[in-house]
Every structure is written in C-alpha cells, then in structure tokens.
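# Observations on the model geometry
Letter by letter, the chains look like this.
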Amino acid sequence: MDYLCSRSENNVMIPCANPKAQYLSYRDDINSAIQRVLDSGWYVLGEEVTRFEKEFAQFNTVSHAVGVGSGTEALHIALRALDIGQGDEVITTAHTAVATASAIDLAGAKPIFVDIEPDFFTIDPDLIEDAITPKTKAIIPVHIYGQPCNMDAIMEIANKNNFKVIEDCAQTHGAEYNGKRVGSIGDVGCFSFYPTKNLGAIGDGGALVTNDDQLVEKIKLLREYGWKERYISSAEGWNSRLDEMQAAILRVKLKNLNKDNNLRRRHSKKYNELLKDLPLELPKTRSNSSHVFHLFVIKIEQRNKLRDYLQKNGVNTTIQYPVPVHKQKYFQKMCSEKSLPVTEQVAKNILSIPMYPELEEKEINKVSNKLKDYFS
Ligand SMILES: *Cc1c(COP(=O)(O)O)cnc(C)c1O
C-alpha cells in the first residue's frame, strides 16, 4: 500500500529489466510484423522462421541457425544431436540459470559443476582438468551476464580430450571473444529469446547455431518428430518448434540488436563513472572480448541490506542467481556434498541493478544517487 500511495511522476519504480519499453521502442514495426503473420494464415515454422534463421546465422557469422521452443530446448537438443546422454558427464558451472543443468539432466547425462573465475563469474579453465573422468563427453561454457568465457583455454582442453563444446549464449547475443561471435566458437551455440534477454521475443523461443552441416540435419529432426518427410518419423524427435509470430518479432529486434547492445555498453560506462568511488565491486570486462551487459552486476557484502534500501527508494534489483545449482534441492543429490567456494561466495554478494537499452540518463543518475546515499 505504501508503495502504491507514494507513486508519483518522479517517484516510479525503476525496473531491473523492461521488456515493455523494448516493445514500445519498436511498436509500429512489431505490430505490423504480428499483423503480417496473422494475415498469412501460417503460424508455426514458416517463412518468418526461415528468414529469421538465415538472418540470425548471418548475424552470428555461422552457416546455420535453427529456431526452437526455448533456450532450455536449444541446449537439450544440442546434447541429443551430439549423442550425449545416459552414462555421460557434461562439465559446466553452477553459477547459471538452472536451465543449463536441466537440459543436461533432460538428455539423461550428469552435470559436473566446476567453480568460476572470481573476476568474471565464468567457468575457471584451470579447474576443468580435475573434473574430467572417462565419462566426460562435453563442456558447456556459460557466457554469463553478457561476458564471454575464456574460450581459448576451454577449446584447448576440449580439442586435447576430444570433447564437444556447447556454448550457452542465452545471456550474450552479439558478444564477441577475440573478434569472434559467441556461439561460433564451439561445436554449437545455444540461445534463449526469453523476453528479458538481449534479443527477446514476446513469449518463449530459442535457437541453435552451428557450422556443422550434418549436425544441423539432426537438430532439425529432433525439433519436429524426427520428420524428414511430413508425417513420417525417421529418427528420434519431439516438438520444439518456433512459432511465426515470435520469429517475425525477433526479426524486427535483430535488426536493432547491435544498436541496443551499444546502448547497454553506454549505460554501463555511465554507471562505472558514477559509481567508481563507492565501496562496491563493479563488473570487470575481459580485455579480449566485447561484453553486451545483459545484466549490470555489482558485488557487495550485506547485499540484502542494500537491496532493501534500493527497493524502498524506487530502484528494483534482482539476484541472478541466489542459490547455485549444486545447492538446489533437485540437483544437490547428484553433487555429493560438492563445494564450490567461489560460486558460493559470489551468490551471497551479487546484485543486478537496472540495465536495459531504454534506460534513461536521469534513471541512471537516480540509481547512482540512491547508491551514493546508501553509503553516505
Ligand atoms: C535464460 C537462460 C537459459 C534458458 O532459457 P529459456 O529460454 O528460459 O529456456 C539458459 N541458460 C542461461 C544462462 C540463461 O540465462
């Protein structure tokens, strides 16, 4: 009630992510894309999906993209297409959306969690060797918050051991590592188009990208009942299709993705300038990569106290993620009391402050001033 009563023109909550503002940015184009689909009479896997796949492949500098139902499904299908399942182990991190681990579990394989680099929150390549067993088949590096993993070190380990590499790019559409687009470095890249992601649909969606001509055939069979020919299953498959409406909307947003990622970088630069003297840790960026700031994550002790203060003062924050996957009830039993000290410490201290392309300068100033007030 207090919150509702205190709402006024200049006292509105600043959200952490803002898919509605993103819709309003491209309202006319999105409305006409939706109308085009409605008028076409074809609503699932049609012309819009085909075009989006071509444009998304081009954007990621790969030969193929395949639209699917969600990011989780993209990861699940990637594992199945690479013949990873029962009895296999997949190395990844616990500092991620639970979806990464769910996909491994869905495929029938076992997630093996490795700790992260304290500066970048991405998998620590120096710890991967210790996690390798005769059952290891693949690594899923999770590019987190908009920042790519140390892919040179990961690819070196993978090549030496003959492991597959599935990049989880759900938070890094358009990010680059050593001048290469994420998703184009490993065997396959997996994307989510959940509404708050850098490239977000108005509903669920996902995609896989790859340069492997044979793999793409298997991916397409898995996506739709194992159909090569309509109504005839020739291989394993189920339904994980992308619909035409989402593809048409994604085509509008993809055209603007570089511009939107540049806005996120500009906001992040502004935050860095305004917050640099405060006793908190600001995001660090790998020198050889371009960060796309899916989230702007600060680190501070007694994070919850700051979070409450900001919430009371009109600034919404989120915690991604409060409980590392290996500590979650369902996955805990697979992890035999494993401890991941950096992951566990990080989960206690992180806080995501508002970050989205449409964030206005006065809002960045307000968030920064509230942070300054908290410490004064
Ligand atoms: C969002 C996300 C996913 C899952 O995507 P969905 O489309 O929600 O299934 C997977 N991995 C990471 C790192 C994510 O952020």
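Everything numeric here is computed off the predicted structure, so don't read it as measured data. (Residues numbered from 1 in each chain as written. Predicted model: local features only at pLDDT ≥ 70, side-chain atom pairs only at ≥ 80, totals over all residues. Heavy atoms only, no water.)

## Looking at the environment of Phe56
- Within the fold, Phe56 resides in helix α4 (residues 47–59).
- C-alpha of Phe56 to C-alpha of Cys169: the two residues are 113 residues apart in sequence and 13 Å apart in space.
- Not counting residues up to four positions away in its chain, the partners in contact with Phe56 are Ala65, Phe191, Phe193, Leu199, Ala207, Val209 and Leu254. (Helix = DSSP H or I, 4+ residues; strand = E, 2+ residues; numbered from the N terminus. Contact = heavy atoms within 4.5 Å.)

## Digging into the packing of aromatic side chains
- Applying the stated criterion to the full structure yields 13 aromatic pairs.
- Between Phe56 and Phe193, the ring centres sit 5.5 Å apart and the planes meet at 80°, which makes this aromatic pair edge-to-face. Taken as a pair, Phe56 in helix α4 and Phe193 in the loop between β8 (188–192) and β9 (206–210) lie far apart in primary sequence, 137 residues in all. An identical accessibility class is assigned to Phe56 and Phe193; each is buried.
- Residues Tyr330 and Phe331 carry aromatic rings whose centres are separated by 5.0 Å and whose planes lie at 80° to one another, so their mutual orientation is edge-to-face. (Phe/Tyr/Trp six-rings, centres within 6.5 Å; stacked < 30°, edge-to-face > 60°. Buried < 20%, exposed > 50% of the residue type's maximum accessible area, 1.4 Å probe, protein only.)

## Looking at the pairing of strand β1 (residues 64–68)
- Among the five residues of β1, four are classified as buried, and the element is accordingly described as predominantly covered.
- Here five bridges tie β1 to β9, and the two strands are oriented antiparallel to one another. Its bridge partner being in β9, Val68 is matched across the sheet by Gly206. (Pairing = 2+ DSSP bridges.)

## A word on the site of the ligand
- The local shell around the ligand holds 14 residues, among which Gly71, Thr72, Asp168, Ser192 and Lys197 are the closest.
- In this structure, Asp168 approaches the ligand through a side-chain N or O atom, which is 2.8 Å from a nitrogen atom.
- A distance of 2.7 Å separates an oxygen atom of the ligand from a polar atom in the side chain of Ser192.
- Out of a free accessible area of 380 Å², the ligand has 90% covered by protein chains.
- Among the cavities detected, the one that contains the ligand is the largest pocket.
- Elements represented by at least two residues in the shell around the ligand include exactly α5 (71–81) and α6 (98–106). (Near = heavy atom within 4 Å. Polar contact = N/O pair within 3.5 Å; in protein donor to acceptor, adjacent residues only side chain to side chain. Areas by Shrake-Rupley, 256 points an atom, 1.4 Å probe, with all protein chains shown as cover. 1 Å grid on protein atoms, 1.4 Å probe; cavity = no way out; pocket = protein on both sides within 12 Å on 5 of 7 lines; lining within 4 Å. Sits in = over half its atoms within 2 Å of the grid points.)

## Looking at the sheet that holds strand β12 (residues 289–290)
- Read across the sheet, three strands follow the order β7-β6-β12 without closing on themselves; strand pairing throughout is antiparallel. Every other strand in the sheet has two partners, leaving β7 (180–181) and β12 as the edge strands with one partner each.
- Across two bridges, the pairing between strand β6 (residues 176–177) and β12 is antiparallel. Counterpart to Tyr177 in the pairing with β12 is Ser289.

## Some remarks on the packing of helix α3 (residues 27–40) against helix α10 (residues 244–255)
- Put simply, α3 and α10 touch, their axes get as near as 9 Å, and they point 150° apart. Here α10 runs roughly antiparallel to α3, going by the angle between their axes. Judged by the twist between their axes, the crossing of α3 over α10 is right-handed. Within the contact between the two elements, α3 uses Asp29, Ile30, Ala33, Ile34, Arg36, Val37 and Leu38 and α10 uses Glu244, Met245, Ala248, Ile249, Arg251, Val252 and Lys253.
- Its residues placed into classes, the contact of α3 with α10 shows nine nonpolar, no polar and five charged. (Axes fitted to C-alpha atoms, helices over the stretch in contact; angles between N-to-C directions. Parallel < 35°, antiparallel > 145°, perpendicular 65-115°, else oblique. Left-handed = near helix turned anticlockwise from the far one by under 90°. Nonpolar A, V, L, I, M, F, W, Y, C, P; charged D, E, K, R; others polar.)

## Here we look at the confidence of the model for the chain
- Confidence in the prediction of the chain, expressed as mean pLDDT, is 95, and 97% of residues score 70 or more.
- Every residue in residues 1–9 is under pLDDT 50, and counting partners more than four places away or in other chains gives three contacts. (pLDDT = per-residue confidence, 0-100.)

## A look at the nonpolar core
- By size, the foremost hydrophobic cluster in this structure holds 32 residues, and its most contacted members are Tyr271, Phe296, Ile298, Leu306, Ile353 and Leu371.
- A total of four residues in this core trace back to one element, the largest contributor, which is helix α15 (residues 361–375).
- Aside from chain neighbours lying at most four places away, what touches Phe296 is Ser268, Tyr271, Asn272, Leu282, Pro283, Leu351, Ser352, Ile353 and Met355. (Core = buried A, V, L, I, M, F, W, Y, C linked by side-chain atoms within 4.5 Å.)

## Quick notes on the pairing of strand β14 (residues 350–353)
- Going residue by residue along β14, you find Ile350 and Ser352 tucked away on one face and Leu351 and Ile353 tucked away on the opposite face as well.
- Pairing between strand β13 (residues 296–299) and β14: four bridges, direction antiparallel. Residue pairing in the sheet places Phe296 in a bridge with Ile353 of β14.

## Regarding the environment of Asn159
- Along the chain, Asn159 falls in helix α8 (residues 151–161).
- Between the C-alpha atom of Asn159 and that of Ala138, which follows or precedes it by 21 residues, the distance is 11 Å.

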